[in-house]
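# Inside the fold
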Amino acid sequence: MSYEPKVIVPALGELRPAIQALAVLAVEFPALPGRTVEIGAVVTRHKVELGINVELHTTFADFEAWRTALDVDPADVEHKPLATVQTLRAYGAFHCVPVVVTAYGPVFTLAQAA
């Protein structure tokens with residue numbers, strides 16, 4: 001007997017709050033970079049919810065624009081440096097819809113950052 005994990009696929013109607021929140025974000029903040037924006041299940045700090053997931057493979061300035069738009073305190077940003085890449089992650093909400101923004105970028109030495 002094989003085990004197949006149950007995949008929960010939300011109905012389009014269940015995604016409506018996130019779709020509407022994204023539409024309002026696009027109106028209120030039209031300059032936000034939108035390289036990868038997904039509507040669906042997002043992993044927040046405490047659970048999995050339906051919301052908006054943003055992934056940025058551009059610059060940390062793009063991340064900062066999203067962080068500011070979502071009014072996420074800089075102290076609440078997660079930073080995870082690895083050997084060749086570092087990530088920044090902000091957990092916010094817009095119109096009561098969870099938004100998770102993740103940025104990926106190179107790790108700089110102190111000499112490169114100066």
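As the structure is a computational prediction, the values presented were derived from the model and not from experiment. (Residues numbered from 1 in each chain as written. Predicted model: local features only at pLDDT ≥ 70, side-chain atom pairs only at ≥ 80, totals over all residues. Heavy atoms only, no water.)

## Remarks on the pairing of strand β4 (residues 85-94)
Within β4, seven of the ten residues are buried, which leaves it mostly tucked inside the rest of the structure. Here strand β3 (residues 78-81) runs beside β4; their pairing, made up of four bridges, is antiparallel. Looking across to β4, one finds that His79 is bridged to Leu88. Taking the residues that link successive antiparallel strands as the turn, the β3-β4 hairpin has three residues. Connecting β4 to the antiparallel partner strand β5 (residues 97-106) that follows it, the hairpin turn spans two residues, and His95 within it adopts a positive phi of roughly 55 degrees. (Buried < 20%, exposed > 50% of the residue type's maximum accessible area, 1.4 Å probe, protein only. Helix = DSSP H or I, 4+ residues; strand = E, 2+ residues; numbered from the N terminus. Pairing = 2+ DSSP bridges.)

## Quick look at the sheet that holds β4
The five strands are arranged β1-β2-β5-β4-β3 in an open sheet whose pairing can be described as mixed. Either end of the sheet is taken by a strand with one partner, and the two such strands are β1 (36-43) and β3. Each strand of the sheet is rotated relative to its neighbour by a mean of 25 degrees, with strand direction disregarded. Sitting on the sheet, helix α1 (residues 16-28) touches β1, β2 (48-56), β4 and β5, and the angle it makes with β2 is about 35 degrees. Contacts from helix α2 (residues 60-69) reach β2, β4 and β5, with the element oriented near 165 degrees to β5. (Axes fitted to C-alpha atoms, helices over the stretch in contact; angles between N-to-C directions. Contact = heavy atoms within 4.5 Å.)

## Remarks on the nonpolar core
Judged by nonpolar contacts, the single largest core of 20 residues is most densely connected at Ile52, Phe63, Trp66 and Val101. Looking at this core, the elements that each hand over two or more residues are α1, β2, α2, β4 and β5. Take this core: its biggest share by element is four residues, from β5. Among all residues touching Val101, those that are not within four sequence positions of it are Val54, Leu56, Phe63, Trp66, Leu70, Leu88, Arg89 and Ala90. (Core = buried A, V, L, I, M, F, W, Y, C linked by side-chain atoms within 4.5 Å.)

## Topic: the environment of Val48
With respect to the secondary-structure elements, Val48 resides in strand β2. Taking the relative accessible area as the measure of exposure, Val48 reaches 57% and is therefore exposed. Taking the C-alpha atoms as reference points, Val48 and Pro98, 50 residues apart in sequence, are found 9.8 Å from one another. With sequence-adjacent residues up to four places away left out, Val48 is seen in contact with Ala41, Val42 and Val43.

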